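Take a look at the letters that make up each chain.
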Amino acid sequence: MTQNISWDQYFMSLAILISLRSKDPSSKVGAVLVRENKIIGTGYNGFPTGCDESQFPWERDVDGEGWLNTKYPYVIHAEANALLNTVTESNGCEIFVTLHPCNECAKLMIQGGVKRVTYLSDKHKGVDAFVAARKLLEVTGVEVRKMDAGDLNLPLIVDNFKTYS
């Protein structure tokens, strides 16, 4: 009898796979927007469509160079891209994202009607933008769940993949 992965494992595994499209050397983030176990949008962090990426920095912090010489004013986050790449409206959806959303993405998700956020990593837990995101999501009643990497059942995925090689 073949084991199956759960819907949560499926969507978070897809978010991880989608994150690998990002060219960000320090934070590859992927997101999957879901309604009734159907994918309605995906996104990863990157520059806007049509931007010549060689004209923009991927640096996080450049001493004395200023904010304009970092990636932050130019990169679109995975959650925002998932909302922008939807095939239908996002009201009532769930988003699976590899990194806890920042405050800007939280505002977009709330405005778009996202009802639940499931995330994998909380590496920026104490940063103001993430503290603000938690407050926004809590106050607006958006359910937030952390998924542990151990819950992904990666050995099952890897073992099943071996049948194709």
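Description of the structure in this document.

Side note on the side chain of Thr-70
Okay, so step 1: Along the chain, the position of Thr-70 falls in the loop between strand E2 (38-44) and helix H2 (78-84).
Okay, so step 2: For Thr-70, a relative accessible area of 4% translates into the label buried.
Okay, so step 3: At a separation of 2.7 Å, a polar atom in the side chain of Thr-70 contacts the main-chain carbonyl oxygen of Trp-67.
Okay, so step 4: A polar contact is formed between the side chain of Thr-70 and the backbone nitrogen of Tyr-72, at a distance of 3.4 Å.

A look at helix H3 (residues 103-112)
Residues three or four positions apart in an α-helix share a direction because the helix packs 3.6 residues into each turn.
Okay, so step 1: The complete set of buried residues in H3 reads Asn-103, Cys-105, Ala-106 and Met-109. Each buried residue of H3 sits inside an arc of 155 degrees when the element is viewed along its axis, so together they form one side.
Okay, so step 2: The elements touched by buried residues of H3 are H2, strand E3 (94-99), strand E4 (116-121) and helix H4 (128-139).
Okay, so step 3: Downstream of H3 by one or two residues, Gly-113 has phi in the positive range, about 90 degrees.

Structural notes on the nonpolar core
Okay, so step 1: Ranked by size, the top nonpolar core spans 19 residues in total, and within it Ala-31, Leu-33, Ile-95, Val-97, Met-109, Val-114 and Val-117 carry the most contacts.
Okay, so step 2: Counting only elements with at least two residues in this core, the list comes to strand E1 (30-35), H2, E3, H3, E4 and H4.
Okay, so step 3: Counting residues in each nonpolar core, the second largest holds 10 residues, with Phe-11, Val-34, Phe-96 and Leu-152 among its members.

Quick word on the layout of surface pockets
Okay, so step 1: There is about 580 Å³ of room inside the largest pocket.
Okay, so step 2: Around the largest pocket, the lining is made up of 26 residues, and of these Lys-71, Tyr-72, His-77, Cys-102 and Phe-130 lie nearest the centre.
Okay, so step 3: If you list the elements that add at least two residues to the lining of the largest pocket, you get H2, H3 and H4.
Okay, so step 4: Tallying contributions element by element places H3 first for the lining of the largest pocket, with 4 residues.

Here's the deal with the pattern of salt bridges
Okay, so step 1: Taken as a whole, this structure holds 9 salt bridges when the rule is applied.
Okay, so step 2: Close ionic contact of Lys-107 with Glu-104 constitutes a salt bridge, the shortest N to O distance being 3.1 Å. Of the two residues, Lys-107 and Glu-104 both sit in helix H3, 3 residues apart, roughly one turn of that helix.
Okay, so step 3: Arg-116 is paired through a salt bridge with Glu-143; the nearest N and O atoms lie 3.7 Å apart. Remark: Glu-143 occurs in strand E5 (residues 143-146) and Arg-116 occurs in strand E4; sequence separation between them is 27 residues.
Okay, so step 4: We classify Arg-116 as partly exposed; its relative accessible area is 26%.
Okay, so step 5: Judged by relative accessible area, which is 39%, Glu-143 ranks as partly exposed.

Rules behind the numbers
- Residues numbered from 1 in each chain as written.
- Predicted model: local features only at pLDDT ≥ 70, side-chain atom pairs only at ≥ 80, totals over all residues.
- Heavy atoms only, no water.
- Helix = DSSP H or I, 4+ residues; strand = E, 2+ residues; numbered from the N terminus.
- Buried < 20%, exposed > 50% of the residue type's maximum accessible area, 1.4 Å probe, protein only.
- Polar contact = N/O pair within 3.5 Å; in protein donor to acceptor, adjacent residues only side chain to side chain.
- Arc of directions from axis to C-beta.
- Contact = heavy atoms within 4.5 Å.
- Core = buried A, V, L, I, M, F, W, Y, C linked by side-chain atoms within 4.5 Å.
- 1 Å grid on protein atoms, 1.4 Å probe; cavity = no way out; pocket = protein on both sides within 12 Å on 5 of 7 lines; lining within 4 Å.
- Points joined across faces, edges and corners; volume = space filled by probe spheres on them.
- Salt bridge = Lys/Arg side-chain N within 4 Å of Asp/Glu carboxyl O.

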